[in-house]
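Overview (structure and organization)
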Amino acid sequence: NITKYFKYFFQDSCLYILFEFLNNSDLEGFLNAYETLEKPIDSNTLWNIFMQCISALYYIHSNNIIHKNISLSNVFMSENKIVKLGDFRFSFLANNSCNIKTDIYAMGVVFHQLCYFASPNEQGKIKFKGQGKYPQEMEQIIQFMLMNENTNTKVFYDKIMEEYIKNVARITSI
């Protein structure tokens, strides 16, 4: 769930990097479409987006890469709702001064925005009926991501997988 890199080149003293093009939108555009309709995003769609983003985070973190710029505008979605993390221009190898907790927190902000149509510091501004009504597990994971200063990486990914498995079991039993 990472945008594919094709090549780079220099032209007129500028560096150009060619990545895969996803022809639908980024999550900012996706969120704006729902907000315009005054319609909350259903929890199954959110779980799908969430797990694809976590898969991307797990992959880059397993390779000691810190994205450092995760936002709604840097997570892209295809027409088939395939989600990919992109814009790695600020990324670097993990070191002691910066670690994956930066990315986990930023992804928590992204998911808070998708659920509540507001960043965590704007919470409480209900814009329309049904907004922010999601399973408790989803809210707990978002809060866990936003308060991750003591988060152990393995504990974080184990907790995510545990909640995802519970959610899949709940959906399939309906």
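Look a little higher up for the structure.
Because the structure is predicted, anything quoted here is derived from the model rather than measured. (Residues numbered from 1 in each chain as written. Predicted model: local features only at pLDDT ≥ 70, side-chain atom pairs only at ≥ 80, totals over all residues. Heavy atoms only, no water.)

**Details of the pattern of salt bridges**
Should the charged atoms of two oppositely charged side chains come close, the side chains can pair. Within this structure, the stated rule accounts for two salt bridges. Lys 84 is paired through a salt bridge with Glu 20; the nearest N and O atoms lie 3.1 Å apart. With Lys 84 in strand β6 (residues 83–85) and Glu 20 in the loop between β2 (14–19) and β3 (25–26), this pair connects stretches of sequence that are 64 residues apart. The residues Lys 84 and Glu 20 share a single accessibility class, namely buried. With a shortest N-O distance of 3.1 Å, Arg 89 and Asp 87 are connected by a salt bridge. Overall, the relative accessible area of 62% leaves Arg 89 in the exposed class. (Salt bridge = Lys/Arg side-chain N within 4 Å of Asp/Glu carboxyl O. Helix = DSSP H or I, 4+ residues; strand = E, 2+ residues; numbered from the N terminus. Buried < 20%, exposed > 50% of the residue type's maximum accessible area, 1.4 Å probe, protein only.)

**Here's the deal with the pairing of strand β1 (residues 5–11)**
As paired elements, β1 and β2 share six bridges and run antiparallel to each other. Within β2, the residue paired with Lys 7 across the bridge is Leu 18. (Pairing = 2+ DSSP bridges.)

**Some words on the sheet that holds β3**
Pairing between the strands of a sheet comes from backbone hydrogen bonds, and it takes one of two forms, parallel or antiparallel. In space, the three strands of this open sheet follow the order β3-β5-β6, with antiparallel pairing throughout. Looking at which strands have only one partner, the edges of the open sheet turn out to be β3 and β6. In this sheet, β6 lies alongside strand β5 (residues 75–77) in antiparallel orientation, the contact comprising three bridges. The residue of β6 that forms the bridge with Met 77 is Val 83.

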